[in-house]
Structure formats: structure tokens, C-alpha cells
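# Breakdown of the fold
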Amino acid sequence: MRHWMLRIGALVAALAAASPASAETIDVNGTKRSYTAQLPARKPAPLVIVLHGKTQRGADMISRTAWPQVAKREGLAVVFPDGLNHAWADARTKAGPALSGPPPGTDDVAFIAKLVEKLVADGTADAKRVFVAGISNGGAMAMTLACARADLFAAGASAIMNLTDEAAVTCHPSRPLPMLLMNGTADPLVPYEGGRGSSYYAADGFWSTEETLAFWRKLNGCETGDAAAADLPDKTPADQSTVTRITSRCPAGHDVVLYRVNHGGHRMPGSSSDARFPRVATKMLGPQNSDIDGAETIWAFFSQFP
């Protein structure tokens, strides 16, 4: 009995120590939109908007990334919005087979903008330190937001996603925005080399990661070539992948960096699994790298700005 009481006590203590996350809604053009917020005691705080991938919800980013732990340690406000139909209305209009997007007319730029403005207005967020990060469809949405509302953000990050002609032609940011990219070279959905992925669910028309990197370098006034390429320590050889960090020669505060996950799949790097069924995910989406943690790496980049 005492053994079980100790275990229950430890569990209660762990739950009490965790920063509470609250489910909220906001009205956007007559549509009720949902999000989950994890807020620090000290405000205003840096704010990170974390965007899930297609078929997911904000709750998946809470349970399958290190963002909650990073937020608690660093005193961040972190918000996990939900896309309609488990998807985001980014600048692309073409989805892969059997992967429907949000309802026609969905304005996710307005949703995220209103969410940021609310959190700044109520004193939760520091207006000068608002960031947006996303994976897959969420990565495309993060780039769409960087293009459409650069005025709101101090930096952006996109994981396992490349630009398309549609996304690039509509990208006219009001100012340069630091950008981090994180892509795997063995991604079956968003191919590193561009075009259409090998997966049945893949869409066509992706730019290569090199083209996407060059696009952001040009927007930010950077030089065209790599500044440096550093192979990071292979901490977990069993994950079948490694990471190379590629930097750019940019004006101060216009940084563009790529984390190339060599032999990595359509997965968010991390120390814990990004999928409910890891073996199935590895078979369908490729290996998940665990030499770096996606959330930790992105926050290390964000924390430099402004």
C-alpha cells in the first residue's frame, strides 16, 4: 500500500509541477477557432505559435514534441492552434490524393494574426518577440505567415516542407524575417530534391530544399552560397540519420539556416517519438532523427531575435 501511495504522490507532484495548458476559442470572421495555450506566470513573455501537420491537431504538438518542456524552462508563452479539418489553408491549393484541406474560404492568416494580436493586447505576449514554427502542412503555413504578416513575427521556422510555385509567387514579406528550415533528404512526402514524393499521399510541384533555401536567402539580402556546413555529432547511430547545419552570409538579424537531416524522413527530430505507432511511422514516413531535438533547436534559433 505504501508503495502505491508513494507512486501516486509522485504522480500528483509531477502534475502539479507541469505548466497548465488551457483550451480556448476565438471568433474569426464568424467561425469559432480553437487553440491550446500554455502560459507562464511572468508576462509579457516571448510567444511561439506552433502549427501542427495535416491530419493532426494542436494536441499532437503538445504530446509529441518538446515544446511544452522548452516553454516551461524558458518562461515562454506557447500556443498550439487547431486547423480546420486537421489542416491549414497555406498558400498552396494542391493537396496530395485523399488528403482534403480546410473548408473553402478558410483564412488561417487572419486566424493566427488575430490570435497574436489578442495575446499581445492582453499583456501575455511581448510584441517584439513573437515567433511561428510549423511542421509539414504547418511548415507551409509558417512560411505563408512569414510572407503575409512578417510585421507580426521576429523569426519563423519550417520543418519538413519546401516551397512551391504557388507559395513563392505570392510571397512578398513587408520586411526580412530570420528563417530556419529543417528537412530530411529521404522524405517520401516532401522530397528534398523537389518534385513529387514517392508516397501515394505526396503532392507534386515542390521546390527542392536548395531552391527554398536560396529563396529565403534572396529575400533576406544574403549571399547566395553557404557560409558553412557543419556535421553535428551523431549521438544516436541507431536512428539511421545524421544532421548537417548549413548557415548563410546574411546582414545582421536576417539569418537563414538549414538543418539538413541526412537520410531523415518526414519526421520532426526529437528525443521521443513523434508518432503514436513508431514502427508504422518509420515504414511510411522514413526514419526520425534523434541527434537533435526540433523544438530545442528552433528555440535556440528564435532566442537570438530581435
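All of the points below concern the structure found in this document. (Residues numbered from 1 in each chain as written. Predicted model: local features only at pLDDT ≥ 70, side-chain atom pairs only at ≥ 80, totals over all residues. Heavy atoms only, no water.)

### Description of the overall build of the protein
Check the secondary structure of the protein and you find 9 helices and 10 strands. A compact globule built from 306 residues would reach a C-alpha radius of gyration of about 19 Å, and the protein, at 19 Å, matches this within 12%. Taken over the C-alpha atoms alone, the protein extends approximately 65 × 45 × 40 Å along its principal axes. Across the 306 residues in the protein, those meeting the buried criterion constitute 50%. Taking contacts inside the protein between residues at least 6 apart in sequence as the whole, the part at least 24 apart equals 65%. Computed over 30 positive and 29 negative side-chain charges, the inter-centroid distance for the protein is 7 Å. (Helix = DSSP H or I, 4+ residues; strand = E, 2+ residues; numbered from the N terminus. Rg over C-alpha atoms; globule rule 2.2 N^0.38 Å. Buried < 20%, exposed > 50% of the residue type's maximum accessible area, 1.4 Å probe, protein only. Contact = heavy atoms within 4.5 Å. Lys, Arg positive; Asp, Glu negative; His and termini not counted. Charge placed at Lys NZ, Arg CZ, Asp CG, Glu CD.)

### Structural notes on a negative patch on the surface
Where like charges cluster on the molecular surface, the negative patch consists of D165, E193, E210 and E211. One can find D165 in helix α6 (residues 165–169). For D165, a relative accessible area of 55% puts it in the exposed group. (Patch = residues over 30% accessible without salt bridge, like charges linked within 9 Å, V, L, I, M, F, W, Y side chains within 5 Å. Areas by Shrake-Rupley, 256 points an atom, 1.4 Å probe, with all protein chains shown as cover. Salt bridge = Lys/Arg side-chain N within 4 Å of Asp/Glu carboxyl O.)

### With respect to unusual backbone geometry
A cis geometry characterises the amide bond from K43 onward to P44, with omega recorded as 0°. Inspection of the secondary structure puts P44 in the loop between β2 (31–38) and β3 (45–51). Of note, the bond from F305 into P306 is cis; its omega dihedral lies within 30 degrees of zero at 0°. Phi at N85 takes a positive value of approximately 60°, unusual for a residue other than glycine. Looking at the secondary structure, you find N85 in the loop between β4 (77–81) and α4 (108–121). Judged by its relative accessible area of 47%, N85 is partly exposed. Backbone geometry places H263, a non-glycine residue, at a positive phi of 70°. With respect to the helices and strands, H263 occurs in the loop between β10 (256–262) and α8 (278–285). Residue class for H263 comes out exposed when judged on its relative accessible area of 54%.

### Here we look at the nonpolar core
Grouped together as the largest cluster of nonpolar side chains are 51 residues, with contacts concentrated most on L47, L51, I112, F153 and W216. In this view, F153 contacts I112, V116, V130, F131, V132, L145, R175 and L177; residues no more than four positions away in its chain are not counted. (Core = buried A, V, L, I, M, F, W, Y, C linked by side-chain atoms within 4.5 Å.)

### Digging into the pattern of salt bridges
With the rule as written, the count across this model stands at 10 salt bridges. Its salt-bridge partner being D226, residue R217 comes within 2.9 Å of it at the nearest N-O pair. The class for R217 is buried, based on a relative accessible area of 4%. Each of the salt bridges in this network shares a partner with another, and the network as a whole consists of R73, E74 and E296.

### Notes on a nonpolar patch on the surface
Together, Y200, Y201, F277, V280 and M284 line one region of the surface with nonpolar side chains, adding up to about 550 Å² of accessible area. Tracing the sequence through the fold places V280 in helix α8.

### Overview of the packing of helix α3 (residues 67–74) against helix α9 (residues 294–302)
Look at α3 against α9: their axes get within 8 Å of each other, and the N-to-C directions meet at 40°. The pairing of α3 with α9 is recorded here as oblique in orientation. Read as a crossing pair, α3 and α9 show a hand that is right-handed. On α9, the residues touching W67, V70, R73 and E74 of α3 are A295, E296, I298 and W299. A breakdown of the residues in the contact of α3 with α9 according to their chemical character gives 5 nonpolar, no polar and 3 charged. (Axes fitted to C-alpha atoms, helices over the stretch in contact; angles between N-to-C directions. Parallel < 35°, antiparallel > 145°, perpendicular 65-115°, else oblique. Left-handed = near helix turned anticlockwise from the far one by under 90°. Nonpolar A, V, L, I, M, F, W, Y, C, P; charged D, E, K, R; others polar.)

### As for the packing of aromatic side chains
In total, this model carries 8 aromatic pairs according to the counting rule given. Ring centres 6.4 Å apart and planes at 25° place the aromatic pair W88 and F111 in the stacked group. Remark: F111 occurs in helix α4 and W88 occurs in the loop between β4 and α4; sequence separation between them is 23 residues. When its relative accessible area of 3% is taken as the criterion, W88 is described as buried. F111 sits in the buried class, given a relative accessible area of 0%. Their ring planes at 80° and their centres at 5.2 Å tell us that Y200 and Y201 sit as a pair that is edge-to-face. The class of Y200 is exposed, set by a relative accessible area of 55%. (Phe/Tyr/Trp six-rings, centres within 6.5 Å; stacked < 30°, edge-to-face > 60°.)

### Side note on the pairing of β3
Sheet faces and side chains relate simply in a regular strand, where the side chains alternate between the two faces. Most of β3 sits out of view: 7 of its 7 residues are buried. Here 6 bridges tie β3 to strand β5 (residues 125–135), and the two strands are oriented parallel to one another. Counterpart to V48 in the pairing with β5 is F131. Pairing geometry for β3 and β4, over 3 bridges, is parallel. (Pairing = 2+ DSSP bridges.)

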